[in-house]
Amino acid sequence: LGCAVDGHPTPNITWLYSGEPLSLRHHLLAAGRILQILNVSDFTAGEFSCLAQNEAGSLTQKMSLVIQEYRWSVDKLTACSASCGHKGVQLPQLRCLLDGAEVNTSYCRETPKPSLQPLACNRKDCPSRWMVTSWSLCTRSCGGGIQMRRVTCQRLTAKGSSVPMSNEACAQVSKRPVDTQNCNRQPCVEWVASSWSQCNGPCIGPQLAVQHRQIFCQTKDGTSVSSDQCSALPRPLSTQNCWTDICGVHWRVSLWTVCTATCGDYGFQSRRVDCVHIRTNKPVMEHHCSWRPRPSNWQRCNITPCENGTLLRGGDAELCRGRKERGVVSQKCTGPC
């Protein structure tokens, strides 16, 4: 609270509460011109005054303290959760009030909330009414089927029990629900595939030949429809790998020939390598076997040094030439040189 006085010389200021000097906790600031109340709850509603005195005289200012508190009010109830039966409840509604006027609930957030207990309401027998079960599964997945459910007339009592009633008792209140209905009336459809086309493709490995077929959606009576109508069904393959007769080939090799020399550096042997059909065993063009490595058709053999007196096979002309090496003439050999 402020005491708006000034004078010369500076007046002495005395604070009073209900006409008496202050006895409760407080602070004086700005040379006594401001009274700081440390705890409002220590005071009750009353009158504060400040007395300013100097040689010129005295001046008194008065002000009133009015304490207003936010509080929770429980004076309203929610609507009943049921119109009859045994489960109807009402919940008290909290309101934040200031001097009897409702304000935003945020003002009461520091005030403890009162405990709320639900109140029973409308606990009485209900009128007769139709009770239905869930629909059964459709008797057909397409082409028109039937679903069924059970319909009975019952009354829910205030104790929570369900009592069977005659159909006439419910018919006076509302029309009887249907107990059957049509379902899955969409036409029955299926994927239909044409015959596979001829198997063709490069024979660079047996799995690269392919064949194709047409896939389309149609009804059971053979009428073609949009593929969207078959989207829920697994779609057959329209392409697959296949094995063509031309791919059934392999490399066939003969036995190695006799080595052209028994020793030395120039012996070799050969064999025949053909691409043949597995079933007929007849040769075919070599490119049909190109997806498999081609076996070698020749190799070196008997590449060991020749000893004195060793006879060499015909064809090793270089070994047949006499030459001097460390004063020794090379051994003679057979065959044309």
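Thresholds applied
Residues numbered from 1 in each chain as written. Predicted model: local features only at pLDDT ≥ 70, side-chain atom pairs only at ≥ 80, totals over all residues. Heavy atoms only, no water. Pairing = 2+ DSSP bridges. Helix = DSSP H or I, 4+ residues; strand = E, 2+ residues; numbered from the N terminus. Axes fitted to C-alpha atoms, helices over the stretch in contact; angles between N-to-C directions. Core = buried A, V, L, I, M, F, W, Y, C linked by side-chain atoms within 4.5 Å. Buried < 20%, exposed > 50% of the residue type's maximum accessible area, 1.4 Å probe, protein only. Contact = heavy atoms within 4.5 Å. Salt bridge = Lys/Arg side-chain N within 4 Å of Asp/Glu carboxyl O.

1. Structural notes on the sheet that holds strand E10 (residues 101-103)
And then number 1: Taken in spatial order, the three strands line up as E7-E9-E10 in an open sheet, and their pairing is antiparallel. Only two strands of the sheet have a single neighbouring strand rather than two, namely strand E7 (70-77) and E10. Adjacent strand axes in the sheet meet at a mean angle of 55°, parallel and antiparallel pairs treated alike.
And then number 2: In terms of strand pairing, E7 meets strand E9 (residues 92-98) through seven bridges, oriented antiparallel. Residue pairing in the sheet places Tyr-70 in a bridge with Leu-98 of E9.

2. With respect to the nonpolar core
And then number 1: Counting residues in hydrophobic clusters, the biggest one holds 13 residues, and the most contacted among them are Cys-3, Ile-13, Trp-15, Leu-22, Phe-43 and Phe-48.
And then number 2: Elements with a minimum of two residues in this core: strand E1 (12-17), strand E5 (46-54) and strand E6 (57-65).

3. Details of the environment of Lys-87
And then number 1: Relative to the assigned elements, Lys-87 resides in the loop between E7 and strand E8 (89-90).
And then number 2: Accessibility expressed as a relative area gives 60% for Lys-87, which makes it exposed.

4. Describing the pairing of E9
And then number 1: In terms of burial, E9 is a largely internal element, five of the seven residues being buried.
And then number 2: With three bridges joining them, E9 and E10 adopt antiparallel strand pairing. Its bridge partner lying in E10, Leu-98 is registered against Ala-101.
And then number 3: Where E9 folds back onto E10 in an antiparallel hairpin, the turn is made up of two residues, including Asp-99, whose phi is positive at roughly 55°.

5. Regarding the environment of Ser-134
And then number 1: Looking at the secondary structure, you find Ser-134 in the loop between strand E12 (129-132) and strand E13 (145-148).
And then number 2: Accessibility expressed as a relative area gives 66% for Ser-134, which makes it exposed.
And then number 3: Along the chain, Ser-134 and Val-151 lie 17 residues apart, while their C-alpha atoms are 9.9 Å from each other.
And then number 4: The residues touching Ser-134, leaving out its near neighbours within four places in the chain, are Met-148 and Arg-149.

6. Overview of the pattern of salt bridges
And then number 1: Enumeration according to the criterion identifies six salt bridges in this entry.
And then number 2: Notably, a salt bridge pairs Lys-220 with Glu-190, separated by 3.4 Å at the nearest N-O pair. Here Lys-220 is found in the loop between strand E19 (215-219) and strand E20 (239-241), whereas its partner Glu-190 is found in strand E17 (residues 189-193), with 30 residues between them in sequence.
And then number 3: In this structure, the salt-bridge partner of Arg-294 is Glu-286, at a minimum N-O distance of 3.2 Å.
And then number 4: By relative accessible area, Glu-286 is classed as partly exposed at 38%.

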